[in-house]
Amino acid sequence: MVSAQLTLESLNTVETSVETWIDFCTVSLQSDFYRLTLQKTGSIERAAALTLLNNYISTFSPSERERLERDAEFFYGYARGFIEELAPFRYNKSGYDPGVRSAFMSKIKALLRAQKNPDGSYKDKERYIFVETIVRICSSLDFIIKVHDDYKEFLFRELPQFRTAPNLK
């Protein structure tokens, strides 16, 4: 039987997760990689997804990072593990704690609402998109795999063309 009561430990886990996401988004927004990617793609959504993945991959050792960038199967293993770690917060056929899920979803909704004005306009559109994208990355294995495919395309095909084009740095 699954308990619907939220323990202090569960609440702390939810709070810590959301705070970590906010910090990760803030660091990503301020990164050189984001500025470069935004300049080259012209898309906040795409640049946010690529930057969040780049910063996640940057947490690994150089040899693991290289393999994560190039080897889709290797990346899939890490992505699957990452998504499964968050299973207690999402719907999961094998079970989840409804209290934890409810608290987590409430925090995410509040975080997204905090990025908008009462009239629905964005306070900071880039920050909103980063928060929305990190939620998607942490919620869907299919999404993170699609971002990884796009990341490889950008890193190994698009970015080198920008660097070698005349008058572009």
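Relevant structure appears above.
Chains are numbered independently. Their residues run from 1 in the order of the written sequence. Where totals are concerned, whole chains, interfaces and linings use all residues; where local detail is concerned, this predicted model gives features only for residues with pLDDT of at least 70, and gives and counts side-chain atom pairs only at 80 or more. The basis for every side-chain value is the complete set of non-hydrogen atoms in the structure, without hydrogens or water.

Asks: Explain helix H1 (residues 8–29) to me, please; I cannot follow it from the model alone.
Replies: Three or four residues apart is the spacing at which side chains of an α-helix point the same way, because the helix has 3.6 residues per turn. Taking 1.5 Å as the rise per residue, H1 with 22 residues should run 32 Å; its terminal C-alpha atoms sit 31 Å apart, in good agreement. Any residue under 20% of the maximum accessible area for its type is buried, any over 50% is exposed, and the rest in between are partly exposed; the area is computed with a 1.4 Å probe on protein chains only. Here a helix means four or more residues in a row that DSSP labels H or I, a strand means two or more in a row labelled E, and each is numbered from the N terminus. By the burial criterion, the buried members of H1 are Ser10, Val14, Ser17, Val18, Trp21, Cys25, Ser28 and Leu29. The buried residues of H1 all sit within an arc of 105° when viewed along its axis, so they share a single face. Residues of H1 that are exposed and point more than 90 degrees away from the buried face comprise Leu8, Glu9, Asp23 and Val27. Those residues of H1 hidden inside the fold are in contact with helix H2 (32–41), helix H3 (44–57), helix H6 (98–113) and helix H7 (125–139). By definition here, a helix of n residues has an expected span of 1.5 Å times n minus one. The arc in question is traced by the directions running from the helix axis to the C-beta atoms. Any two residues whose heavy atoms approach within 4.5 Å are treated as being in contact.

Asks: Is there a simple way to explain the packing of H6 against H7 in this structure?
Replies: Each pair of packed helices gets described by two things: the angle between the helix axes and the distance between those axes. Interhelical geometry of H6 versus H7 gives an angle of 160° and a closest axis separation of 9 Å. Judged by the inter-axis angle, H6 sits roughly antiparallel to H7. Viewed along their axes, H6 and H7 form a crossing whose handedness is left-handed. Along the contact surface, H6 presents Ile108, Leu111 and Leu112, while H7 presents Tyr128, Val131, Glu132 and Val135. Three residue categories are used. Nonpolar comprises Ala, Val, Leu, Ile, Met, Phe, Trp, Tyr, Cys and Pro, charged comprises Asp, Glu, Lys and Arg, and polar comprises the others, including Gly. The residue inventory of the contact of H6 with H7, partitioned by class, reads six nonpolar, no polar and one charged. The convention used is that axes are lines fitted to C-alpha atoms, helices contributing only their stretch in contact, and that angles between N-to-C directions extend from 0 to 180 degrees. Angles below 35 degrees are treated as roughly parallel, those above 145 as roughly antiparallel, those between 65 and 115 as roughly perpendicular, and all remaining angles as oblique. Crossing handedness is read from the near helix: turned anticlockwise from the far helix by less than a right angle, it gives a left-handed crossing, and turned clockwise, a right-handed one.

Asks: Any chance you could explain the packing of aromatic side chains here in plain terms?
Replies: Describing an aromatic ring pair means giving the distance of the ring centres and the angle of the ring planes. Only Phe, Tyr and Trp rings are paired, with Trp represented by its six-membered ring, and only when their centres lie within 6.5 Å; those with planes under 30 degrees apart are stacked, over 60 edge-to-face, the remainder tilted. Summed over the entire model, instances satisfying the criterion amount to eight aromatic pairs. Plain terms: the ring middles of Tyr122 and Tyr128 are 5.0 Å apart, the flat faces sit at 55° to each other, and that makes the pair tilted. Given a relative accessible area of 35%, Tyr122 falls into the partly exposed group. Residue classification places Tyr128 among the buried residues on the basis of a relative accessible area of 11%. Linked through ring pairs, Tyr56, Phe60, Phe74 and Tyr78 together constitute an aromatic cluster. Criterion for a charge above a ring: Arg CZ or Lys NZ at most 6 Å from the ring centre, at most 35 degrees from the ring normal. The lysine or arginine in question, Arg67, covers the ring of Phe74, its NZ or CZ lying 4.0 Å from the ring centre. Seen from the ring of Tyr128, Lys116 lies directly overhead, with NZ or CZ sitting 4.9 Å from the centre.

Asks: Looking at this structure, I do not really get a nonpolar patch on the surface. What am I missing?
Replies: A contiguous nonpolar patch, built from Leu6, Leu8 and Leu11 and spanning about 280 Å² of accessible area, is present on the exposed surface. Within the secondary structure, Leu6 is located in the segment before H1. A residue is classified by how much of its surface remains accessible, and Leu6, at 36% relative accessible area, is partly exposed. A patch consists of residues whose relative accessible area exceeds 30% and which take part in no salt bridge; residues with like charges are grouped when within 9 Å of each other, and nonpolar side chains (Val, Leu, Ile, Met, Phe, Trp, Tyr) when within 5 Å. All accessible areas in this document rest on Shrake-Rupley with a 1.4 Å probe, and a residue is counted as covered only by the protein chains that are shown. Only one rule defines a salt bridge in this text: a Lys or Arg side-chain nitrogen within 4 Å of an Asp or Glu carboxyl oxygen.

Asks: How should the packing of H1 against H7 be read in this particular structure?
Replies: Where H1 meets H7, the axes come as close as 10 Å, and the angle between the chain directions of the two elements is 125°. With respect to H7, the axis of H1 lies oblique. Crossing of H1 over H7 shows right-handed handedness. Between H1, through Trp21, Phe24, Cys25, Thr26, Ser28 and Leu29, and H7, the contact on the second element is made entirely by Glu126, Arg127, Phe130, Val131, Ile134, Val135 and Cys138.

Asks: Would you mind showing me how to read the pattern of salt bridges here?
Replies: Counted by the stated rule, this structure contains seven salt bridges. With its nearest N and O atoms 2.8 Å apart, the salt bridge here joins Glu69 to Arg65. One end of the pair is Glu69 and the other is Arg65, both in helix H4 (residues 62–70) and four residues apart, which spans about a single turn.

Asks: How should I be thinking about the side chain of Thr37 in this particular structure?
Replies: Mapped onto the fold, Thr37 is located in helix H2. Residue Thr37 is classed as buried on the basis of its relative accessible area of 0%. In this structure, Thr37 is in contact with Gly42, Ala47, Leu50, Thr51 and Phe154, ignoring residues within four places of it in sequence.

By themselves, these are just geometric observations and shouldn't be taken as functional.
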